[in-house]
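Overview (structure and organization)
Given next are the chains, with one letter for each unit.
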Amino acid sequence: MLAIAAAATPGSASSVHHPARATPARATSAQATARSNVTTGVALQNALNQLVAMPYGPPGVIVTVQHGARSAVYQAGTATVAHRRPLSTSDHARLAGFAETYSGAVALSLVSSGKLRLSSTIGQVLPALPRAWYRVTLGDVLQHRSGLPDYTKSKALRERLARYPLATIPPGLLLRYVWGKPLQFRPGARYKYDNSDSVVAALMAEAVTGRSYSSLLGTLVYQRAGLGQTSLPSRFRLPRPYLHGYQLEPGQPAKDVSEARTASAAWASGGIVSTPAEMNTFVRDFLAPLFFSRQTQAAQLSFVPGSSSPPGPGTNSAGLAVFKYATSCGTVYGHTGNALGYTQFGAATLGGGNSVTVTATEDLSTSVHPEVLAVLRQAEQLAVCAAMAPR
């Protein structure tokens, strides 16, 4: 369980170790480390306070930091504007693009078991899809090098969501919105973040197993990691309790959009709902790796230049269903995400020993309140520093 560090004592951890009597030199070193950790914690809490105080800042933000067995939680703002209360690691939220690590975990698990190959093509596994897409491989979609048209950019889909925002869309219909579109570029030629990629990865998993993506998540991810509060809803309701997500516009009060749209429109590209506590558990297991073999992980950790969406802290590069974030405090691996009402970041070190998650209750991007995203990225960087700091 994660311990909540009160705002008055940022950086406190969930457990206290009692070392053997130290020599003066060792005591001095330990004291310096402790002072450095407190300084990092204070800086992180200050960054979160600054974030929620900005004119278009999120109403709430919560950060989990874990170094080995010791953990802490930082927060600022409120879980809901209507009935102000602190944010909790047991509050549910939409994971947005971070959910693509879950579809990646499913696909890479099937690669490890031999049911799929990274070289498996759409033509081989999903022959009912357009012939123009046949050469795209599983490896291409996991690394966003497919060239597939992005179904979320479809005008017809946007119009449907505007007219029937709560209506469920069957997963098999999502790619129909770009059915007649050609590839944007030759598969494997370059990187471009694309929401159709994770939909194809999940459809491939369904095709080779004869099981639904939701069922595969249950057996290959949730059960293995002990995730009891993580789900893939097909409708618009969120499990209780939840962090309310907001849309902020000039001259308007914060608009609660937590349940304003069906989750089915995102499906494998962003439909999963979880809590900060279980996000932290998952990302540590994802990097352990728990869900697939080390041989498969070695293939996963082949990177090309490319940022997650929105960009995460430090320098970003793209692997297979994972991004590398090289920061001044060290390198972590994970994913970001943004969707109506939420912005997410979760990452861990290789082996899953140190980890961080950040959940903000507003959709932020390089085009929507970019000045707020810049401060959020600074907070993410400080959270990575806190997770990497010796205890």
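Refer to the structure above for everything that follows.
Throughout what follows, the structure given in this document is the object of discussion. (Residues numbered from 1 in each chain as written. Predicted model: local features only at pLDDT ≥ 70, side-chain atom pairs only at ≥ 80, totals over all residues. Heavy atoms only, no water.)

What follows concerns the overall build of the protein. When you go through the protein residue by residue, the secondary structure sums to 10 helices and 12 strands. The C-alpha atoms of the protein give a radius of gyration of 21 Å, which matches the 21 Å a tight globule of 391 residues would have. Looking at the protein as a whole, 55% of its 391 residues are labelled buried. Approximately 15900 Å² of the protein is accessible, and the part contributed by carbon and sulfur atoms is 54%. The averaged location of the 17 negative side-chain charges in the protein is 6 Å from the averaged location of its 34 positive side-chain charges. (Helix = DSSP H or I, 4+ residues; strand = E, 2+ residues; numbered from the N terminus. Rg over C-alpha atoms; globule rule 2.2 N^0.38 Å. Buried < 20%, exposed > 50% of the residue type's maximum accessible area, 1.4 Å probe, protein only. Areas by Shrake-Rupley, 256 points an atom, 1.4 Å probe, with all protein chains shown as cover. Lys, Arg positive; Asp, Glu negative; His and termini not counted. Charge placed at Lys NZ, Arg CZ, Asp CG, Glu CD.)

Under the definition given, this model contains 12 aromatic pairs. Ring centres 3.7 Å apart and planes at 10 degrees place the aromatic pair Y102 and F282 in the stacked group. One end of the pair, Y102, is in helix α2 (residues 100-112); the other, F282, is in helix α8 (residues 276-287), and 180 residues separate them in sequence. Each of the two residues, Y102 as well as F282, counts as buried. Relative to W267, the ring of Y213 lies with its centre 5.3 Å away and its plane at 70 degrees, an arrangement referred to as edge-to-face. Of this pair, Y213 sits in helix α7 (residues 213-225) while W267 is found in the loop between β5 (255-256) and β6 (273-274), placing the two residues 54 residues apart along the sequence. The same class applies to Y213 and to W267, which are both buried. (Phe/Tyr/Trp six-rings, centres within 6.5 Å; stacked < 30°, edge-to-face > 60°.)

Turning next to the nonpolar core. By size, the foremost hydrophobic cluster in this structure holds 61 residues, and its most contacted members are Y102, Y213 and V221. Residue assignment for this core shows that the elements contributing at least two residues are α2, α3 (122-125), α4 (138-142), α5 (155-163), α6 (196-209), α7 and α8. (Core = buried A, V, L, I, M, F, W, Y, C linked by side-chain atoms within 4.5 Å.)

Our next topic: the side chain of T357. Residue position: T357 is located in strand β12 (residues 354-360). Judged by relative accessible area, which is 0%, T357 ranks as buried. Engagement of the side chain of T357 in a polar contact is seen with the side chain of T64, the distance being 2.6 Å. Aside from chain neighbours lying at most four places away, what touches T357 is I62, V63, T64, P276, M279, N280, F345 and G346. (Polar contact = N/O pair within 3.5 Å; in protein donor to acceptor, adjacent residues only side chain to side chain. Contact = heavy atoms within 4.5 Å.)

Okay, the environment of R237 next. Note on placement: R237 falls in the loop between α7 and β4 (246-247). With 22 residues separating them along the chain, R237 and E259 place their C-alpha atoms 5.6 Å apart. Side-chain polar atoms of R237 contact the side chain of E259, separated by 3.0 Å.

The next subject is the pairing of strand β1 (residues 60-67). Most of β1 is tucked away: eight of the eight residues are buried. Burial along β1 is two-sided: G60, I62, T64 and Q66 and V61, V63, V65 and H67, pointing in opposite directions, are all buried. Where β1 meets strand β2 (residues 70-77), eight bridges bridge the pair, whose relative direction is antiparallel. Within β2, the position partnered with I62 by the bridge is Q75. Hairpin connection of β1 to β2: two residues between the antiparallel strands, including G68 at a positive phi of 65 degrees. Across seven bridges, the pairing between β1 and β12 is antiparallel. (Pairing = 2+ DSSP bridges.)

Sheet architecture is open: eight strands sit in the order β2-β1-β12-β11-β10-β9-β8-β7, paired in antiparallel fashion. Each edge of the sheet is formed by a strand with only one pairing partner; in this case those strands are β2 and β7 (304-305). Pairing geometry for β7 and strand β8 (residues 315-318), over two bridges, is antiparallel. Paired with P305 across the bridge in β8 is S317. Of the strands in this sheet, β1, β8, β9 (323-327), β10 (330-339), β11 (342-348) and β12 are in contact with helix α10 (residues 370-388), which crosses β12 at around 155 degrees. (Axes fitted to C-alpha atoms, helices over the stretch in contact; angles between N-to-C directions.)

Attention shifts here to unusual backbone geometry. A cis geometry characterises the amide bond from R240 onward to P241, with omega recorded as -10 degrees. Position of P241 among the secondary structure elements: in the loop between α7 and β4. Residue P310 follows S309 across a cis peptide bond; omega there is 0 degrees. Looking at the secondary structure, you find P310 in the loop between β7 and β8. Although it is not a glycine, A96 sits at a positive phi angle of roughly 55 degrees. Within the element layout of this structure, A96 appears in the loop between β3 (93-94) and α2. With a phi angle near 45 degrees, W267 is a residue other than glycine that sits in the positive phi range. Judged by relative accessible area, which is 8%, W267 ranks as buried.

Everything listed here is a matter of geometry and, on its own, says nothing about what the molecule does.
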